[in-house]
Amino acid sequence: YYLLQTNQIFNIRKDQEMSDKIKPIPQPESDRYWEAANENKLVIQKFGDHIQFYPRAVSTKDGSRDVEWIEASGKAKLYTFTIVHAAPHPSFVEDLPYIAAIVTLEEGVNMPTRIIGVEPQPENLKIGMDLIVDFINVDGQNLPVFKPA
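Small disclaimer: the values here were computed from a predicted structure and weren't measured.

### Observations regarding the overall build of the chain
In step 1: Tallying secondary structure elements over the chain gives one helix and ten strands in all.
In step 2: The linear arrangement of helices and strands in the chain, starting from the amino end, is β-β-α-β-β-β-β-β-β-β-β.
In step 3: Counting all 149 residues of the chain, 36% fall into the buried class.
In step 4: Across the chain, contacts joining residues at least 24 apart in sequence account for 51% of those joining residues at least 6 apart.

Structure follows, in structure tokens:
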């Protein structure tokens, strides 16, 4: 089923309520990531000396399948952000406004996330500001988010 709202099309499963949050879809290459999040741990993939995010089945450097999961420090810097005022899905309307961001983890990879713990006003955010990981629970799944350090 598709829902057209404010010039956006949303793919809605038959068994999905309009108020249900969009959840991660289980898949082998990211299951360890989501399991760790439920333990309040942020993990990333390491292939030899190459670190990558988001989880994939193979290294983006050389195609290696020899993956090691490492726990990230949880420290990051704000790379870019936007303050969202129009919900990308009906279930996000109650969260408006919120801060969607890309952060650079201390390990050197960029990660899309949300910023919490600060009012969603541009003057409260600064590119390069120090952040620390936190976790929010959405319908039984922890999601990594970041807050000012």
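So, next bit.
### Here's the deal with the environment of His85
In step 1: Examined against the element boundaries, His85 turns out to sit in the loop between β6 (75-84) and β7 (98-105).
In step 2: A relative accessible area of 57% places His85 in the exposed class.
In step 3: Sequence spacing of His85 and Leu96 is eleven residues, and the spatial spacing of their C-alpha atoms is 5.7 Å.
In step 4: Setting aside chain neighbours within four positions, we find His85 in contact with Leu96 and Pro97.

### Things to note about the sheet that holds strand β4 (residues 50-52)
In step 1: Within the open sheet, the three strands sit side by side as β4-β3-β5. Their pairing is antiparallel. In the strand order of this sheet, the two ends are held by β4 and β5 (68-71), each with one partner. Neighbour-to-neighbour, the strand axes of this sheet turn through a mean angle of 40°, independent of strand direction.
In step 2: Pairing between strand β3 (residues 43-47) and β5: four bridges, direction antiparallel. Counterpart to Ile44 in the pairing with β5 is Ile70.

### Examining the pairing of β3
In step 1: With four of five residues buried, β3 lies mostly within the body of the structure.
In step 2: Of the pairings in the sheet, the one linking β3 to β4 comprises three bridges and is antiparallel in character. What sits directly across from Phe47, in β4, is His50.
In step 3: Taking the residues between adjacent antiparallel strands as the criterion, β3 and β4 are bridged by two residues, where Gly48 takes a positive phi near 65°.

### A look at the pattern of salt bridges
In step 1: The final tally for this structure, using the stated rule, is five salt bridges.
In step 2: Of the charged contacts, one joins Lys61 and Asp49 as a salt bridge, the two residues approaching to 3.0 Å between their closest N and O atoms. A residue pair is termed long-range when its members are at least 10 positions apart, and Lys61 in the loop between β4 and β5 and Asp49 in the loop between β3 and β4 qualify at twelve residues. Like Lys61, the residue Asp49 is exposed in the burial classification.
In step 3: The residue Arg114 makes a salt bridge to Asp95 at a minimum N-O spacing of 3.5 Å. Within this pair, whereas Arg114 is found in strand β8 (residues 110-115), its partner Asp95 is found in the loop between β6 and β7, the two being separated by 19 residues in sequence.
In step 4: Residue classification places Asp95 among the partly exposed positions, given a relative accessible area of 21%.

### Observations concerning unusual backbone geometry
In step 1: Geometrically, the link from Phe53 to Tyr54 is a cis peptide bond, its omega value of 20° lying close to zero.
In step 2: Note on placement: Tyr54 falls in the loop between β4 and β5.
In step 3: Here Leu96 and Pro97 are connected by a cis peptide whose omega angle stands at -20°.
In step 4: Tracing the backbone through its elements, the reader meets Pro97 in the loop between β6 and β7.

What counts, and where the lines are drawn
Residues numbered from 1 in each chain as written. Predicted model: local features only at pLDDT ≥ 70, side-chain atom pairs only at ≥ 80, totals over all residues. Heavy atoms only, no water. Helix = DSSP H or I, 4+ residues; strand = E, 2+ residues; numbered from the N terminus. Buried < 20%, exposed > 50% of the residue type's maximum accessible area, 1.4 Å probe, protein only. Contact = heavy atoms within 4.5 Å. Pairing = 2+ DSSP bridges. Axes fitted to C-alpha atoms, helices over the stretch in contact; angles between N-to-C directions. Salt bridge = Lys/Arg side-chain N within 4 Å of Asp/Glu carboxyl O.

None of the figures reported here should be taken as evidence of function without further support.
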